[in-house]
Amino acid sequence: MKKVRKAIIPAAGLGTRFLPATKAMPKEMLPIVDRPTIEYIVEEAIESGIQDIIIVTGKGKRAIEDHFDRNFELEENLASKDKIELLRKINQSSNVDIHYIRQKEPKGLGHAVWCARNFVGDEPFAVLLGDDIIRAEIPCTLQLIEQFNETGSSVIGVQTVEDYETHRYGIIDPISSNNRRYEVSKFVEKPKQGTAPSNLAIMGRYILTPEIFSFIETQEKGAGGEIQLTDAIQKLNAVQKVFAYDFIGKRYDVGEKIGFVKTTIDMALENDEIKEELYSYLKKKILELDLYN
Ligand code: G1P
């Protein structure tokens, strides 16, 4: 069985939920404290043993390529000022081999993944979406790779969400479960409120066999008028078993404003440089708010 060595990170979305911030800047570059969100995703892929990454970009995404490239002028400037720690930080992810391909039209997640088909070739591969940052002792993608190695089948990462949230996700209809791993009868993209077959939602992490590409190729537009990856997975599941795995880890939703702010607070409270000051500030703020309510 071939090993999972490659990962696709789709980053071509328009970022409309964060306008006007994302008018001229990719949403993947929005910082959580001092690191752009996409850096967390690339880090997870590397820590999961991925050797080759392709980022699917679109119009106005040049900053992502610059971020993972070296910046000699900045490096010289920091070195001349003896800012060694900063130098280390800016080069942390520039040593990884990252490839880029452009999705020329925003036709949806399925189509973005399809754009990377030649890079993937005939191998199983991982997909990591940038709207979900997952922090876990064993990186989420590695947990899914372990499931793939056991089963030889595609595996999709899921976690439970509240009833009122199901319409925002791909949702699975589970048949049976074994140690957090589910056999699935249906994958439904963004079911209408009240119609979700379960509360188990797809959380932006996938291990897929290359056969998925032939299903994406003929996939018609689905939810939101876009070519949906979930719909192609549903078709793949009819000919090749696709499992869902309820991974262990805390998932941060950075694709929504409120999730983004919560993530920033959580990560800032772990940051040695600012955590104490932030903690005192939050305490003071809560007292103030209580006084006026
Ligand atoms: C995408 C997927 C959806 C998944 C979600 C997770 O939707 O299509 O199945 O549940 O990511 O974040 P999007 O949020 O891009 O609309």
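Look up a bit, the structure's there.
Residues numbered from 1 in each chain as written. Predicted model: local features only at pLDDT ≥ 70, side-chain atom pairs only at ≥ 80, totals over all residues. Heavy atoms only, no water.

J.: Looking at this structure, how should I read helix α10 (residues 257-268)?
T.: Each α-helix winds once per 3.6 residues, and so residues spaced three or four apart point in a common direction. Taking 1.5 Å per residue as the helical rise, α10 with its twelve residues ought to reach 16 Å, and the 16 Å between its terminal C-alpha atoms agrees with that figure. Inspection of α10 places G259, F260, T263, M267 and A268 among the buried residues, and these make up the whole buried set. Taken around the axis of α10, the buried residues stretch over an arc of 160 degrees, which confines them to a single face. Along α10, the residues that are exposed and aim more than 90 degrees away from the buried face are K257, I258 and K262. On its buried side, α10 packs onto β2 (31-32), α1 (37-47), β7 (132-135), β13 (250-253) and α11 (275-292). (Helix = DSSP H or I, 4+ residues; strand = E, 2+ residues; numbered from the N terminus. Expected span 1.5 Å × (residues − 1). Buried < 20%, exposed > 50% of the residue type's maximum accessible area, 1.4 Å probe, protein only. Arc of directions from axis to C-beta. Contact = heavy atoms within 4.5 Å.)

J.: Can you walk me through unusual backbone geometry in this structure?
T.: When glycine is set aside, most residues are seen to have a negative phi, and most peptide bonds are trans. Of note, the amide linkage connecting L19 to P20 takes the cis form, showing an omega dihedral of 5 degrees. With respect to the element layout, P20 can be found in the loop between β1 (6-10) and β2. Although it is not a glycine, N179 adopts a positive phi angle of roughly 50 degrees. Its place among the elements puts N179 in the loop between β9 (170-178) and β10 (181-189). Positive phi, normally seen in glycine, also occurs at R180, with a value near 75 degrees. In this structure, R180 sits in the loop between β9 and β10.

J.: Please clarify how the packing of aromatic side chains should be interpreted in this entry.
T.: Aromatic ring pairs are reported here in terms of the distance separating the ring centres and the angle at which the planes meet. Tallying each qualifying case throughout the model produces two aromatic pairs. Judged by centre distance (5.5 Å) and plane angle (65 degrees), the rings of F18 and F260 are edge-to-face. Note that F18 is positioned in the loop between β1 and β2 and F260 in helix α10, a separation of 242 residues in sequence. Accessibility classification places F18 together with F260 in one group, the buried group. (Phe/Tyr/Trp six-rings, centres within 6.5 Å; stacked < 30°, edge-to-face > 60°.)

J.: Even after reading the chapter, I still don't get the environment of G130, so can you show me in this structure?
T.: Along the chain, G130 falls in the loop between β6 (125-128) and β7. Taking C-alpha positions, G130 is 7.9 Å from V254, a pair spaced 124 residues apart along the chain.

J.: Got a minute to help me understand the site of the ligand in this structure?
T.: Residues in close proximity to the ligand include L109, L129, D132, Y169, G170, E189, K190, I202, G204, Y206, Q228 and T230, which together make up its full environment. For the ligand, an oxygen atom lies 3.0 Å from a polar atom in the side chain of D132. Take T230: an N or O atom from its side chain is 3.3 Å from an oxygen atom of the ligand. Burial of the ligand by the surrounding chains reaches 83%, relative to a free accessible area of 380 Å². In this structure the site holding the ligand corresponds to the largest pocket. A per-element tally of the shell around the ligand places strand β11 (residues 200-208) first, with three residues. (Near = heavy atom within 4 Å. Polar contact = N/O pair within 3.5 Å; in protein donor to acceptor, adjacent residues only side chain to side chain. Areas by Shrake-Rupley, 256 points an atom, 1.4 Å probe, with all protein chains shown as cover. 1 Å grid on protein atoms, 1.4 Å probe; cavity = no way out; pocket = protein on both sides within 12 Å on 5 of 7 lines; lining within 4 Å. Sits in = over half its atoms within 2 Å of the grid points.)

J.: Please explain the environment of I101 as it appears in this structure.
T.: The topology assignment puts I101 in strand β5 (residues 98-102). Residue classification places I101 among the partly exposed residues on the basis of a relative accessible area of 30%. Between the C-alpha atoms of I101 and W114, which are 13 residues apart in sequence, the distance is 11 Å. Setting aside anything within four residues of it in sequence, one finds I101 in contact with I54, I55, V56, T57 and C115.

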